[in-house]
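# Structure at a glance
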Amino acid sequence: MDLVIILYSILFLIVFLYAIQICQYLVAWMKLGSFSKVEVSEEIKVTVIIPVRNEERFISECLLSLSNQVFSGDRYQIIVCDDDSTDNTMHMVNQFILECGNKNIEMLVNNIDKYGNGKKGAISTAVEFASGELIVTIDADCRVGVNWLQNIASYFQQSKCCFIVSPVNYSPTGSIFEKMQGLEFLSLIGISGGSIAVGKPVLCNGANLAFSKKVFNEVNGFKGNLEIASGDDVFLMMKIKKLYPGSIGFLKSQDAIVYTRPVPNLTLFIRQRIRWASKTLQYSDTDVSMVSLITYFANLSFLVSVFLLFFSDTFVYWSIGIIGMKLLADFVFLFFVTSFFGRRNLLIYFPLEEAFYALYVVLIGAFSQFAGTKWKDRIVN
């Protein structure tokens, strides 16, 4: 009996710490407020970098949305850097340039001898040739609104931040699985914004980042983790956070949202999340490590409490309390985050998403630390 009480006490404490953390992020998210752009100085030049590998299906749509920016065309440059594509991606880029007549688009090939293959290498190569002081990265399967670049440049000018995280949203889709992904993904974006707002950034997404070229070179870019297959976004943020504390900002604006696509099936989802989780133990940042541990063990505590709910009549109220505390914290947080994105309708999938999320975090979180996976025809360790 005493051991069971100790177990429940530990589970309760872990979930309580998690709930406190989520509440901190929620308060910070709500205090952020929506950014209002101003006229951008003509001195600010921008380079948009698109690292690509086998993106022939999406690259034209991405380039079209970038070509339609209200930001003056002679003040920004678009660099598409190929990371050893085996399909017609670069042919599609060249065809788009010819048909659209956009002279701001340049094509590069990743300097594998210098930086190695992968997204980090492609971005590093492109930064070398960037004419803008403000570097903005976006993925090839994304699209943006016409005011996207104007908002980022305006925020860069006003905030003086040297690393800017902006929101990403999944495009509305039909299947329940994809909508569950959309809800879970918005929680990650909310945590990104909330953690930055409290001065302890732990997450960001490379599909919508901006940073100073000068600062990128000062921290030696991705040097030190080029061999790691993913994590270009968070690793760079941690390096800049260490050198320039307080210089990381979150651009909370509807016009700054980048839209991307969820993965279409469970197999690709598992591969994606293994790739994301595989680098967790390689983070040296204390804030990132603590949040990762609390999140992992809170979801483990949630699953254990659900299990004990059916096998322990004596402590049923303890289980209900632990489960209820986590569900309440997550639901309230998601209510306000989805409201900003206009996706509150996704909350009907909240019960399914919570159960699925807890399972995959616990299982994939452990599995990813010793197993590799395959992503875009490459083995990811």
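Note: the structure precedes this text.
The sections below set out a description of the structure shown in this document. (Residues numbered from 1 in each chain as written. Predicted model: local features only at pLDDT ≥ 70, side-chain atom pairs only at ≥ 80, totals over all residues. Heavy atoms only, no water.)

Let us now look at the overall build of the chain. The number of helices and strands found in the chain is 13 helices and 12 strands. Taking 21 Å as the expected radius of gyration for a compact globule of 381 residues, we find that the chain reaches 21 Å, a close match to that expectation. For the C-alpha atoms alone, the extent of the chain along its principal axes is close to 75 × 45 × 40 Å. Per-residue burial over the chain gives 54% buried out of 381 residues. Sequence-distant contacts, at least 24 apart, represent 82% of the contacts inside the chain between residues at least 6 apart. Per element, the accessible surface of the chain, about 17000 Å² overall, is 61% carbon and sulfur. (Helix = DSSP H or I, 4+ residues; strand = E, 2+ residues; numbered from the N terminus. Rg over C-alpha atoms; globule rule 2.2 N^0.38 Å. Buried < 20%, exposed > 50% of the residue type's maximum accessible area, 1.4 Å probe, protein only. Contact = heavy atoms within 4.5 Å. Areas by Shrake-Rupley, 256 points an atom, 1.4 Å probe, with all protein chains shown as cover.)

This brings us to the pairing of strand β1 (residues 46-52). Counted residue by residue, β1 has 7 buried out of 7 residues, so it is predominantly covered. The alternating pattern of β1 places Val46, Val48, Ile50 and Val52 and Thr47, Ile49 and Pro51 on opposite faces, both of which are buried. Looking at chain direction, β1 and strand β2 (residues 76-82) are connected through 7 bridges and run parallel. Residue valine 52 lies in a different strand from β2, and its bridge partner there is aspartate 82. Judged from the 4 bridges that link them, β1 and strand β4 (residues 134-137) form a sheet pairing that is parallel. Counted as the bridge partner of valine 46 is leucine 134 from β4. (Pairing = 2+ DSSP bridges.)

Before going further, it helps to spend a moment on helix α7 (residues 176-197). If you check α7, its first and last C-alpha atoms are 32 Å apart, about what 22 residues at 1.5 Å a residue would give, namely 32 Å. Along α7, 18 of the 22 residues are buried, which leaves the element largely enclosed by surrounding structure. Taken from the residues just after α7, glycine 199 is the one with a positive phi, measuring 85 degrees. (Expected span 1.5 Å × (residues − 1).)

To continue, consider the sheet that holds strand β8 (residues 209-212). Read across the open sheet, the 7 strands follow the order β3-β2-β1-β4-β8-β6-β9; overall the sheet is mixed. Only two strands of the sheet have a single neighbouring strand rather than two, namely β3 (105-109) and β9 (248-250). Averaged over neighbouring strand pairs, the angle between their axes works out to 20 degrees when direction is ignored. Looking at chain direction, strand β6 (residues 163-165) and β8 are connected through 3 bridges and run antiparallel. Paired with isoleucine 164 across the two strands is alanine 210, which belongs to β8. Sitting on the sheet, helix α9 (residues 232-243) touches β6, β8 and β9, and the angle it makes with β6 is about 135 degrees. (Axes fitted to C-alpha atoms, helices over the stretch in contact; angles between N-to-C directions.)

So, on to the side chain of serine 192. With respect to the helices, strands and loops of the structure, serine 192 is situated in helix α7. Overall, the relative accessible area of 4% leaves serine 192 in the buried class. In this structure serine 192 touches Leu203, Cys204 and Phe250, once residues within four positions along its chain are discounted.

Under the defined criterion, the tally for this structure stands at 20 aromatic pairs. Between tyrosine 296 and phenylalanine 297, the ring centres sit 5.4 Å apart and the planes meet at 90 degrees, which makes this aromatic pair edge-to-face. Residues phenylalanine 340 and phenylalanine 341 carry aromatic rings whose centres are separated by 4.9 Å and whose planes lie at 85 degrees to one another, so their mutual orientation is edge-to-face. As far as the burial class goes, phenylalanine 340 and phenylalanine 341 line up, both buried. (Phe/Tyr/Trp six-rings, centres within 6.5 Å; stacked < 30°, edge-to-face > 60°.)

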